[in-house]
Amino acid sequence: MEDAEEWFVAREVQEEGEGLEMTLSEVRMNKWRRPPEGWLKCNIGFSWNQKEKFGGSSWVLRDFKGLMVLHSRKTFGVYETEADFKLAVLIWGIESIISHRKEKVIFSAQQVDLIEALLRPKAWPNFSYQVQTLLHTLSPLLEWRVEAAIAGSNRGAFLIAQSVTMEFMIHSYVAAGYPLWLRDLFMIEQSD
């Protein structure tokens, strides 16, 4: 769906006569960016199956050189709402990184509403429960940051999560390095 939206936006830009350059620069802005030296970046992705009310999630942890440290995938059972599922995924990702004893982590997640609420709680008063839950979850970390991930900057984590809902790869795991079927994607992102 996100790819289709990007395609339609690109078509609109081209039809308006603004040229392909704008589309290419937008693509460049949406790519994965490395964390600063000494930091790790944890991209957290999810895929929700509205009909069946289950989802897949993943996190991908990379260092400042773009090298994959670890990644994980998990299948989440029945959730009544996508909002509950999205919060559970974010908590799972944070707790996983803490359990691997990682510090100085930037969490880059698809859950834009939750990230925005965490960054600006006064502007999102209806999310106070979620904000308090996330702050409590993050409390064991001495240094952390959060950022909202745009589709292109979170593609790897999203594709791993989508493998649960689209390909029914339901086995949860943690592994070093990247999944072989996404080798090209992660190698390209590492070299940028």
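These numbers come from a predicted model, not from an experiment. (Residues numbered from 1 in each chain as written. Predicted model: local features only at pLDDT ≥ 70, side-chain atom pairs only at ≥ 80, totals over all residues. Heavy atoms only, no water.)

Observations concerning the pattern of salt bridges
Under the definition given, this model contains five salt bridges. Linking glutamate 189 and arginine 62 is a salt bridge whose minimum nitrogen-to-oxygen distance equals 2.7 Å. On the criterion of sequence distance, the pair formed by glutamate 189 in helix 7 (residues 183-191) and arginine 62 in strand 2 (residues 54-62) is long-range, its members being 127 residues apart. A relative accessible area of 8% places glutamate 189 in the buried class. The salt bridge partner of aspartate 113 is lysine 86, with a shortest N-O separation of 3.3 Å. Of the two residues, aspartate 113 sits in helix 4 (residues 112-119) while lysine 86 sits in helix 3 (residues 82-99), which places them 27 residues apart along the sequence. The buried category is assigned to lysine 86, whose relative accessible area is 15%. (Salt bridge = Lys/Arg side-chain N within 4 Å of Asp/Glu carboxyl O. Helix = DSSP H or I, 4+ residues; strand = E, 2+ residues; numbered from the N terminus. Buried < 20%, exposed > 50% of the residue type's maximum accessible area, 1.4 Å probe, protein only.)

Points about helix 3
Over its 18 residues, helix 3 runs 25 Å from end to end, which matches the ideal 26 Å to within 8%, given 1.5 Å per residue. Phe85, Lys86, Leu87, Ala88, Val89, Leu90, Ile91, Trp92, Gly93, Ile94, Ser96 and Ile97 are the residues of helix 3 that are buried. Residues of helix 3 that are buried sit in contact with strand 1 (40-49), strand 2, strand 3 (68-76), strand 4 (105-109), helix 4 and helix 5 (128-138). Following helix 3 by one or two positions, arginine 101 has its phi on the positive side, about 60 degrees. (Expected span 1.5 Å × (residues − 1). Contact = heavy atoms within 4.5 Å.)

Brief notes about the packing of aromatic side chains
Pairs of aromatic rings are described using the distance from one ring centre to the other and the angle between the two planes. Tallied over the entire structure, the rule returns nine aromatic pairs. Between phenylalanine 54 and phenylalanine 168, the ring centres sit 6.5 Å apart and the planes meet at 25 degrees, which makes this aromatic pair stacked. Separated by 114 residues along the polypeptide, phenylalanine 54 in strand 2 and phenylalanine 168 in the loop between helix 6 (155-167) and strand 6 (173-176) bring together distant segments of the chain. Classification of phenylalanine 54 as buried rests on a relative accessible area of 13%. Take phenylalanine 168: its relative accessible area is 53%, and that puts it in the exposed class. Centroid distance phenylalanine 76 to phenylalanine 85: 5.7 Å. Interplanar angle 85 degrees. Geometry classified as edge-to-face. This pair shows no difference in class: phenylalanine 76 is buried, exactly as phenylalanine 85 is. Among the aromatic side chains, those forming a connected cluster through ring pairs are Phe46, Trp48, Phe76, Tyr79, Phe85 and Trp92. Across the ring face of tryptophan 32, the terminal group of arginine 62 is positioned such that the distance to the ring centre comes to 3.8 Å. (Phe/Tyr/Trp six-rings, centres within 6.5 Å; stacked < 30°, edge-to-face > 60°. Lys NZ or Arg CZ within 6 Å of the ring centre and 35° of its normal.)

Quick look at the packing of helix 3 against helix 5
Following both chains from N to C, one finds helix 3 and helix 5 inclined at 10 degrees, their axes separated by 9 Å at the closest point. As summarised for this structure, helix 3 and helix 5 are arranged roughly parallel, according to the angle between their axes. Across the interface between the two elements, Leu87, Leu90, Ile91, Ile94, Glu95 and Ile98 from helix 3 touch Tyr129, Gln130, Thr133, Leu134, Thr137 and Leu138 from helix 5. Of the residues that constitute the contact of helix 3 with helix 5, the class distribution is eight nonpolar, three polar and one charged. (Axes fitted to C-alpha atoms, helices over the stretch in contact; angles between N-to-C directions. Parallel < 35°, antiparallel > 145°, perpendicular 65-115°, else oblique. Nonpolar A, V, L, I, M, F, W, Y, C, P; charged D, E, K, R; others polar.)

Observations regarding the nonpolar core
In this structure, Cys42, Ile44, Trp59, Leu90, Phe107 and Leu134 are the most contacted members of the largest nonpolar core, which totals 31 residues. Of all the elements in the fold, those that place two or more residues in this core are strand 1, strand 2, strand 3, helix 3, strand 4, helix 4 and helix 5. Sorting elements by how many residues they give to this core places helix 3 first, with nine residues. Dropping the residues within four chain positions of it, phenylalanine 107 is found in contact with Cys42, Ile44, Gly93, Ile94, Ile97, Leu138, Leu141, Trp144, Arg145, Val146 and Glu147. Formed by six residues, the second largest nonpolar core is a distinct cluster that contains Met68, Ala157, Leu182 and Phe186. (Core = buried A, V, L, I, M, F, W, Y, C linked by side-chain atoms within 4.5 Å.)

Some thoughts on the confidence of the model for the protein chain
One rule of thumb: low pLDDT means the predicted coordinates there are not for detailed reading. In this model, the protein chain carries a mean pLDDT of 84, and residues with pLDDT of at least 70 account for 84%. With pLDDT under 50 throughout, residues 4-28 is counted as low confidence; its partners more than four residues away or in other chains account for ten contacts. (pLDDT = per-residue confidence, 0-100.)

Concerning the side chain of serine 57
Assignment of secondary structure puts serine 57 in strand 2. Its relative accessible area of 0% is what places serine 57 among the buried residues. When residues no more than four places from it in sequence are discounted, the contact partners of serine 57 are Gly45, Phe46, Ser72, Arg73, Lys74, Phe76, Val89, Trp92 and Ala161.

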